[in-house]
Amino acid sequence: MSDKIRGVIAVLVGLFALFQGFLLFEKGKVDWHLWTEVTAGIVLILLGVWRIRRQPYEAASDLLHK
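Calculation rules
- Just so you know, the residues in each chain are numbered from 1, in the order the chain's sequence is written.
- With the structure being a predicted model, the display of local features is reserved for residues of pLDDT at least 70 and the display and counting of side-chain atom pairs for 80 or more, all residues being used for whole-chain, interface and lining totals.
- With hydrogens and water stripped out, all remaining heavy atoms of the structure feed into the side-chain values.
- Any Lys or Arg side-chain nitrogen located within 4 Å of an Asp or Glu carboxyl oxygen qualifies as a salt bridge.
- Numbering of helices and strands runs from the N terminus, with a helix taken as a DSSP run of H or I at least four residues long and a strand as a DSSP run of E at least two residues long.
- Using a 1.4 Å probe on the protein chains alone, a residue whose accessible area is under 20% of its type maximum counts as buried, one over 50% counts as exposed, and one in between counts as partly exposed.
- Within this analysis, patches are made of residues with over 30% relative accessible area and no salt bridge. Like charges are joined at 9 Å or less; nonpolar side chains (Val, Leu, Ile, Met, Phe, Trp, Tyr) at 5 Å or less.
- Per-residue and other accessible areas follow the Shrake-Rupley method at a 1.4 Å probe size, with only the shown protein chains counted as cover for residues.
- Confidence scores here are pLDDT values: one per residue, from the predictor, ranging 0 to 100.
- Between N-to-C directions, angles cover 0 to 180 degrees, with each direction set by a line fitted to C-alpha atoms, over the stretch in contact for helices.
- Reported orientations rely on four angle classes, namely roughly parallel under 35 degrees, roughly antiparallel over 145, roughly perpendicular from 65 to 115, and oblique for the rest.
- Should the near helix be turned anticlockwise from the far one by less than a right angle, the crossing is left-handed, and should it be turned clockwise, the crossing is right-handed.
- Note on residue categories: nonpolar means Ala, Val, Leu, Ile, Met, Phe, Trp, Tyr, Cys or Pro, charged means Asp, Glu, Lys or Arg, and polar means any other residue, Gly included.

Enquirer: I tried to follow the pattern of salt bridges on my own but got confused; where do I start?
Expert: Pairing is possible between side chains of opposite charge, provided their charged atoms come close. For the structure on display, the rule yields 2 salt bridges. One salt bridge connects D3 with R51, and the closest N-O pair in it is separated by 3.0 Å. Within this pair, whereas D3 is found in helix α1 (residues 3-27), its partner R51 is found in helix α2 (residues 32-53), the two being separated by 48 residues in sequence. Accessibility expressed as a relative area gives 26% for D3, which makes it partly exposed. On the basis of relative accessibility, which here comes to 26%, the residue R51 falls in the partly exposed class. Residues joined by salt bridges that share partners form a network here, namely D3, R51 and R54.

Printed below as a string of structure tokens:
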């Protein structure tokens, strides 16, 4: 599985975690569960975007630039 696919999956799961956190907030359950969901969502979205934007490592390019 490529990094871009894993990045998209991470972003989608992060958005789902933020949605779950929003539902907890709407119910008035502002405790550690809410902050765990929000933190996990933000971290997953950032990791997903990083994976999508990252350039794959190519060993052949090192040989060509020397």
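Structure's up, so let's keep going.
Enquirer: Help me out: how do you make sense of the environment of A40 in this one?
Expert: Tracing the sequence through the fold places A40 in helix α2. Expressed as a C-alpha distance, the spacing of A40 and L18, which sit 22 residues apart in the sequence, is 8.1 Å.

Enquirer: Would you mind going over a nonpolar patch on the surface with me for this structure?
Expert: On the surface, a nonpolar cluster with roughly 740 Å² of combined accessible area is contributed by F16, F19, F22, L23, F25, V30 and W35. The biggest single contributor to the nonpolar patch is α1, with 5 residues. Examined against the element boundaries, W35 turns out to sit in helix α2. Residue class for W35 comes out exposed when judged on its relative accessible area of 51%.

Enquirer: Can you walk me through the confidence of the model for the protein in this structure?
Expert: Parts of the prediction with low pLDDT should not have their coordinates interpreted in detail. This prediction gives the protein a mean pLDDT of 89; 94% of its residues lie at or above 70. For the protein, per-element mean pLDDT is lowest for helix α3 (residues 59-64), which scores 71, and highest for α2, which scores 94.

Enquirer: What should I look at first to understand the packing of α1 against α2 in this one?
Expert: Any two packed helices are characterised by the angle at which their axes cross and by the distance between the axes. Packing of α1 against α2 leaves a shortest axis separation of 7 Å and a crossing angle of 160°. When the interaxial angle is binned, α1 and α2 end up roughly antiparallel. Once α1 is placed against α2, the crossing between them reads as left-handed. In terms of residue class, the contact of α1 with α2 is made up of 16 nonpolar, 7 polar and 5 charged.

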